[in-house]
Amino acid sequence: MRHIYLVTHPEAQHHVDGLVGGWYDSELTPRGHRQAERIADVLASRIGDQPVEIYSSDLRRTAQTAEHLAQRFSVDVRTDPRLRERTNGEADGRPQAWLTERRIPLPESGNRLAHHDGPAGAETRLALVNRLYPALADILSHPAETQIIVSHGSASSYLILAWLGMPKAATDRAFFPLTSGSITTLRRNDTHHSHQVITLNETHHLYDLSTNDRRCAAPDGLGEAG
């Protein structure tokens, strides 16, 4: 059975600064690096000595997360810009308040996937789906039984939908609000030929039990980004 561990990058500097993420290329904070180490601990305990492939968005916060994993498993990271978060165009890197004042709300009905949020250069959800679905298909074309994908909150949600085989047109309402630094486990059952979600948005590794401090980063913006 194939296992895919979908990781959302942990705390990045734009979270701390209250800036919109998207394609804004911020780095992990020191706490984010510690969180990435905890993610590596969890996955190492589950994967053990099995061969593993690691894929990552090419933005620094995901690439740095993936590097912690690559060092733990002694493998290279395969970067793919298609795994990036949805860009907010000119809003990327600006204060969240700037985007909030200019955002055009997503309508309840109509062509929601093609809806444009307002900022110049912003990517529609349809454009995001159209690059994430083939990105996952290319990853699945590799025969590896164990794979790790490091991406972002909103992008990872749509990767789950792609894994489940949801038609693109049906993704206009489905969404998983994933936490930064989370782990989601996907599994293909070879007996039933089913694609399963075994765990969703695991965050227990983000807690320091000795101080009861929740080591968890905020989303990247737009209410659904990482």
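Residues numbered from 1 in each chain as written. Predicted model: local features only at pLDDT ≥ 70, side-chain atom pairs only at ≥ 80, totals over all residues. Heavy atoms only, no water.

## Regarding the pairing of strand β2 (residues 53-56)
And step 1. Of the two faces of β2, the one lined by Glu53 and Tyr55 and the one lined by Ile54 and Ser56 are each fully buried.
And step 2. In the sheet, β2 pairs with strand β4 (residues 146-151) via four bridges, with the strands oriented parallel. If you follow Glu53 over to β4, its bridge partner there is Gln147.
And step 3. In this fold, the crossover linking β2 to strand β3 (residues 77-79) by way of helix α3 (residues 60-73) has right-handed handedness. (Buried < 20%, exposed > 50% of the residue type's maximum accessible area, 1.4 Å probe, protein only. Helix = DSSP H or I, 4+ residues; strand = E, 2+ residues; numbered from the N terminus. Pairing = 2+ DSSP bridges. Right-handed = clockwise from strand over helix to strand, strands pointing away.)

## Some remarks on helix α2 (residues 30-47)
And step 1. In this model, α2 (18 residues) spans 26 Å end to end at C-alpha, consistent with the 26 Å of a helix rising 1.5 Å per residue.
And step 2. Within α2, the full set of buried residues consists of Gly32, Gln35, Ala36, Ile39, Ala40, Val42, Leu43 and Ile47. Relative to the axis of α2, the buried residues are bounded by an arc of 165° and lie together on one face. Across α2 from its buried face, at more than 90 degrees, point the exposed residues Pro30 and Ser45.
And step 3. If you follow the buried residues of α2, they end up packed against β1 (2-8), α3, β4 and β5 (183-189).
And step 4. Looking one or two places after α2, you find Gly48, whose phi comes out positive at around 65°. (Expected span 1.5 Å × (residues − 1). Arc of directions from axis to C-beta. Contact = heavy atoms within 4.5 Å.)

## As for the pairing of strand β6 (residues 194-202)
And step 1. Here β5 runs beside β6; their pairing, made up of six bridges, is antiparallel. In the sheet register, Thr185 faces β6, and the bridge partner there is Thr199.
And step 2. Hairpin connection from β5 to β6: four residues lie between these consecutive antiparallel strands, with His193 at a positive phi of about 55°.

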